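The residues making up each chain are set out below.
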Amino acid sequence: MQKGHYIFSGHDTVELARQYATPLYVISEDIIRNNIRNIKSAFEKEHIDYAVNYAGKAFLNTAMCKIIKDEGICVDTVSKGEMYTALKAGIDPQDITLHGSNKSEEELCYALENGIGCIVIDSMYEISVLNELCEKKSRKQNVHIRVTPNIEAHTHEYVQTGRIDSKFGIPIGMALRAAQKVSQTRYLKLTGIHCHIGSQIFAQKPFIIAANNMLELMSNIEALGLDVHELNLGGGFGVNNMTDEELFSVKDYASALKELLEVKCPEIDIPVPKIIVEPGRYIIDNAGITLYTVGTIKEIPYMRKYVSVDGGLFENPRPGMYDAVYRACVANRFEDEPNELVTISGRCCETDTLINDILLPKCYPGDIVAVINTGAYNYSMAGNYNRLPRPAIVLLKGDKSELMVRRETEEDLVRCDEVPSWLK
Ligand SMILES: Cc1ncc(COP(=O)(O)O)c(C=O)c1O
């Protein structure tokens, strides 16, 4: 470990860049486990009957599933690919939930054939489709209904999903009808209800208001003679990329929830439900960084200095999609005074700015730049724009490092290409 280098999770990042090449996603298993244990201990301290479904959309691969399984939590999936990954990694199908606002018949059949624990119904239409598929396969299926509880969570508007005007879920005003429709099917068993009010939420209040509304809905559903005993309150625990401070307190969330459950459930005469939470970002975001090598440096006089790195839009589309902001440092001169305002840009044929206006020590070609808190929705949203191979992911545990995903090659890029007969 060299003095003056940026150390992440006990590892010299310059050494990691040298050993595994860049661009490189780096993930710390110790941080992931610590985040999961934070959530578990918050709910356990309050004696809440709970389950954690890790939202696989944030970051999923085989090794990640092994960590999830080892920590004794479940996984929330949204596609056949995510279910396949989880099953192949040995996760018990009963510990898998399937979400999706437009699940294909193929995905639903795959879920039924593999005994997926819970399917979250997202529309009235899906109730009929799923019941028919269950009938064909002679299988009963536990389901939840996803409800939009009309909560405005204060976060970036692109990631608000709890509002009524949303492609996700069934508006709360129609939820009772949906529950009735499920109860009239032969093959679907309604075991709970679900809501997800958005991502990057820092306040407790929207979660507690949503929980309150959902408990009232549960009471109305129970009045129909149905027994729903699970309440999935979704994910969305906020993570601020610009600071190491924990700005969303799961402890406070669990304690506020406990208070609500203790007061509300007797008041509306329902048993206290099992609480399920579905965090993605909270578990993985600060467990990841991305390492890049600086290439071209271009100064537009009186305007801007561009420091170009060997990654960009293809491996982190979030700045372009969501105006996501990040911190970064020059890993090989971590202790140098930041004295130059620069823009870190990617290498794609787009204006793929990774970070606008950041103060860094003077950069030179060959420097290693580390972008911090890139664990969530970077690798999982990455693509091959400009026919660029996706980076490798290295996993750190204690003082060990090993690949959890190898770097793609050019051969991988043409693996699915076909040449129509008239071009042969
Ligand atoms: C249904 C559902 N659950 C959980 C999550 C995870 O959200 P986050 O990563 O913000 O915790 C999402 C994210 O979009 C979601 O749509």
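Everything here concerns the structure above.
Residues numbered from 1 in each chain as written. Predicted model: local features only at pLDDT ≥ 70, side-chain atom pairs only at ≥ 80, totals over all residues. Heavy atoms only, no water.

Asker: Sorry, what's going on with the overall build of the protein chain here?
Answerer: Within the protein chain one finds 12 helices and 20 strands. A globule of 424 residues ought to have a C-alpha radius of gyration of about 22 Å, and the protein chain, at 23 Å, matches this closely. Taking the principal axes of its C-alpha atoms as reference, the protein chain extends roughly 70 × 60 × 40 Å. Residues classed as buried in the protein chain amount to 58% of the 424 residues present. Of the roughly 19,300 Å² that the protein chain leaves accessible, carbon and sulfur atoms contribute 49%. (Helix = DSSP H or I, 4+ residues; strand = E, 2+ residues; numbered from the N terminus. Rg over C-alpha atoms; globule rule 2.2 N^0.38 Å. Buried < 20%, exposed > 50% of the residue type's maximum accessible area, 1.4 Å probe, protein only. Areas by Shrake-Rupley, 256 points an atom, 1.4 Å probe, with all protein chains shown as cover.)

Asker: Looking at this model, I keep getting lost on the packing of aromatic side chains. Mind explaining?
Answerer: Under the definition given, this model contains 12 aromatic pairs. Arranged with centres 5.9 Å apart and planes meeting at 75°, the rings of Phe237 and Tyr282 form a pair that is edge-to-face. You can see Phe237 sitting in the loop between strand E11 (230-232) and helix H9 (250-268) and its partner Tyr282 sitting in helix H10 (residues 281-284), a full 45 residues away along the chain. The pair formed by Phe237 and Tyr282 is uniform in burial state, with each residue classed as buried. Three or more aromatic residues joined by ring pairs make a cluster, and in this case those are Phe43, Tyr50, Phe207, Phe237, Phe248, Tyr253 and Tyr282. (Phe/Tyr/Trp six-rings, centres within 6.5 Å; stacked < 30°, edge-to-face > 60°.)

Asker: Where do I start with the packing of helix H5 (residues 105-113) against helix H6 (residues 124-137) in this structure?
Answerer: The description of two helices packed together rests on the angle between their axes and the distance between the axes. Where H5 meets H6, the closest approach of the two axes is 10 Å, and the angle between their N-to-C directions is 50°. Considered as vectors, H5 and H6 are oriented oblique to each other. In terms of crossing hand, the pair formed by H5 and H6 is right-handed. Here Glu105, Leu108, Cys109, Leu112 and Glu113 of H5 come into contact with H6, specifically with Glu126, Val129, Leu130, Leu133, Cys134 and Lys137. Residue composition of the contact of H5 with H6, grouped by class: seven nonpolar, no polar and four charged. (Axes fitted to C-alpha atoms, helices over the stretch in contact; angles between N-to-C directions. Parallel < 35°, antiparallel > 145°, perpendicular 65-115°, else oblique. Left-handed = near helix turned anticlockwise from the far one by under 90°. Contact = heavy atoms within 4.5 Å. Nonpolar A, V, L, I, M, F, W, Y, C, P; charged D, E, K, R; others polar.)

Asker: What exactly am I supposed to notice about the pattern of salt bridges here?
Answerer: Once their charged atoms are close, side chains differing in charge can pair, the charge on each being opposite to the other. One pass over the full model with this rule turns up 22 salt bridges. Ionic pairing is found between Lys3 and Glu335, a salt bridge with its closest N-O pair at 3.2 Å. Of this pair, Lys3 sits in the segment before strand E1 (7-8) while Glu335 sits in the loop between strand E15 (328-330) and strand E16 (340-345), and the two are 332 residues apart along the sequence. By the burial criterion, Lys3 is exposed, and Glu335 matches it. (Salt bridge = Lys/Arg side-chain N within 4 Å of Asp/Glu carboxyl O.)

Asker: Help me out: how do you make sense of the site of the ligand in this one?
Answerer: Taken together, the neighbourhood of the ligand is formed by 15 residues, with Ser199, Gly236, Glu278, Arg281 and Tyr377 sitting nearest. For the ligand, an oxygen atom lies 2.9 Å from a polar atom in the backbone of Gly280. Separating an oxygen atom of the ligand from a side-chain N or O atom of Tyr377 is a distance of 2.6 Å. Relative to its unbound accessible surface of 390 Å², the ligand loses 91% to contact with the protein. Partitioned by chemical class, the residues of the shell around the ligand number three nonpolar, seven polar and five charged. (Near = heavy atom within 4 Å. Polar contact = N/O pair within 3.5 Å; in protein donor to acceptor, adjacent residues only side chain to side chain.)

Asker: What is the right way to read the pairing of strand E14 (residues 304-309) from this model?
Answerer: One face of the sheet, then the other: side chains in a regular strand alternate in exactly this way. Sheet analysis places strand E13 (residues 288-300) next to E14, joined by five bridges and oriented antiparallel. Residue pairing in the sheet places Glu299 in a bridge with Lys305 of E14. Linking two consecutive strands that pair antiparallel, namely E13 and E14, is a turn of three residues; a positive phi of about 60° is found at Tyr302 within it. (Pairing = 2+ DSSP bridges.)

Asker: Please clarify how the pairing of E13 should be interpreted in this entry.
Answerer: Where strand E3 (residues 24-28) lies against E13, four bridges are found, and the strand directions are antiparallel. Bridge pairing in E13 places Tyr25 opposite Thr290. Judged from the five bridges that link them, E13 and strand E18 (residues 368-372) form a sheet pairing that is antiparallel. Following the sheet pairing, Thr293 is matched in E18 by Ile368.

Asker: Could you clarify how one ought to interpret the nonpolar core in this entry?
Answerer: In globular proteins that are soluble, nonpolar side chains generally tend to be buried together. If you look at the biggest cluster of nonpolar residues, it comprises 115 residues, and the most contacted ones within it are Phe43, Tyr54, Tyr253, Leu257 and Ile284. Counting contributing residues per domain, this core is built from domain 1 (7-26 + 285-409) and domain 2 (29-283), each supplying no fewer than three. Sequence-distant contacts of Leu257, that is, excluding residues within four places in its chain, are made with Phe43, Ile48, Ile208, Ala211, Leu233 and Ile275. Membership of the second largest hydrophobic core comes to 17 residues, among which are Val307, Ile344, Leu354 and Ile358. (Core = buried A, V, L, I, M, F, W, Y, C linked by side-chain atoms within 4.5 Å. Domains from an automatic or database assignment.)

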